[in-house]
Amino acid sequence: VQLQASGGGLVQSGASLTLSCSISGRSDATLAVAWFRQAPGKEREFVALIKWITGTPNVADFVRERFTISRDSAKNTAYLRMNDLKPEDTAVYYCALRDTLNYHSDYSTSAYAYWGQGTLVTVSS
C-alpha cells in the first residue's frame, strides 16, 4: 500500500486549501484514513479521520469548524478541505491508512501502518 499526499502550499491567512491523499496498491482492507500534522518542533497530532466503508468522519475539536474530511472510494482518495487557514495551521500534513484493528486508538499514530510522505502547508499572516 502506498499513500501520496498532495495539495499543500503557501497561502495567506484566511485562505482555503484541499489536500488529497491518493491510495494505491492492495488497499481492500482499509478501515480508516486519517490526516495528522506536525509543526516544527512539535509532535505529530491528529487532525481528522474517515472510516473508509461508512464514510463516517471524525475531526479534531480544534479544527472542526474549519476542516472537513471526505473520501472518494472509487478514486481511492481521501481529502482534507481546510478553510479559513491560520498561521498556526502551518505544518507538514501527513495522511495515514489503518487496516488493522488493535488496541491503538484511532487518534494515535501507532494505529496506522501506512503513511504518505507529507505535504507542507504554510500560512502567512
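Shown above is the structure to which this text applies.
Residues numbered from 1 in each chain as written. Predicted model: local features only at pLDDT ≥ 70, side-chain atom pairs only at ≥ 80, totals over all residues. Heavy atoms only, no water.

**Remarks on the side chain of Thr-119**
By the secondary structure assignment, Thr-119 is in strand 11 (residues 119-124). Since its relative accessible area comes to 9%, Thr-119 is described here as buried. A polar contact of 3.0 Å, which involves the side chain of Thr-119, links it to the backbone nitrogen of Gly-8. Excluding its chain neighbours within four sequence positions, the residues that come into contact with Thr-119 are Ala-5, Ser-6, Gly-7, Gly-8, Leu-19, Ala-91, Val-92 and Tyr-93. (Helix = DSSP H or I, 4+ residues; strand = E, 2+ residues; numbered from the N terminus. Buried < 20%, exposed > 50% of the residue type's maximum accessible area, 1.4 Å probe, protein only. Polar contact = N/O pair within 3.5 Å; in protein donor to acceptor, adjacent residues only side chain to side chain. Contact = heavy atoms within 4.5 Å.)

**Focus on the packing of aromatic side chains**
Two measures describe an aromatic ring pair: the distance that separates the ring centres and the angle between the ring planes. Enumeration according to the criterion identifies six aromatic pairs in this entry. Between the aromatic rings of Phe-36 and Tyr-112, the centroid separation amounts to 5.4 Å while the plane-to-plane angle is 75 degrees, which identifies the pairing as edge-to-face. One end of the pair, Phe-36, is in strand 4 (residues 32-38); the other, Tyr-112, is in the loop between strand 9 (91-98) and strand 10 (114-115), and 76 residues separate them in sequence. By relative accessible area, Phe-36 is classed as buried at 0%. (Phe/Tyr/Trp six-rings, centres within 6.5 Å; stacked < 30°, edge-to-face > 60°.)

**Observations regarding the state of the cysteines**
Within the structure shown, the criterion is met by one disulfide. Here Cys-21 is linked by a disulfide to Cys-95, with a sulfur-sulfur distance of 2.2 Å. Disulfide Cys-21-Cys-95: torsion about the S-S bond near 75 degrees, hence right-handed. Of this pair, Cys-21 sits in strand 3 (residues 17-24) while Cys-95 sits in strand 9, placing them 74 residues apart in sequence. The class of Cys-95 is buried, set by a relative accessible area of 0%. (Disulfide = S-S within 2.5 Å.)

**Structural notes on the pairing of strand 7 (residues 67-72)**
Bridge analysis of strand 7 against strand 8 (residues 77-82) gives six bridges, and the strand direction is antiparallel. The partner of Ile-69 across the bridge, within strand 8, is Leu-80. Hairpin connection of strand 7 to strand 8: four residues between the antiparallel strands, including Asn-76 at a positive phi of 50 degrees. (Pairing = 2+ DSSP bridges.)

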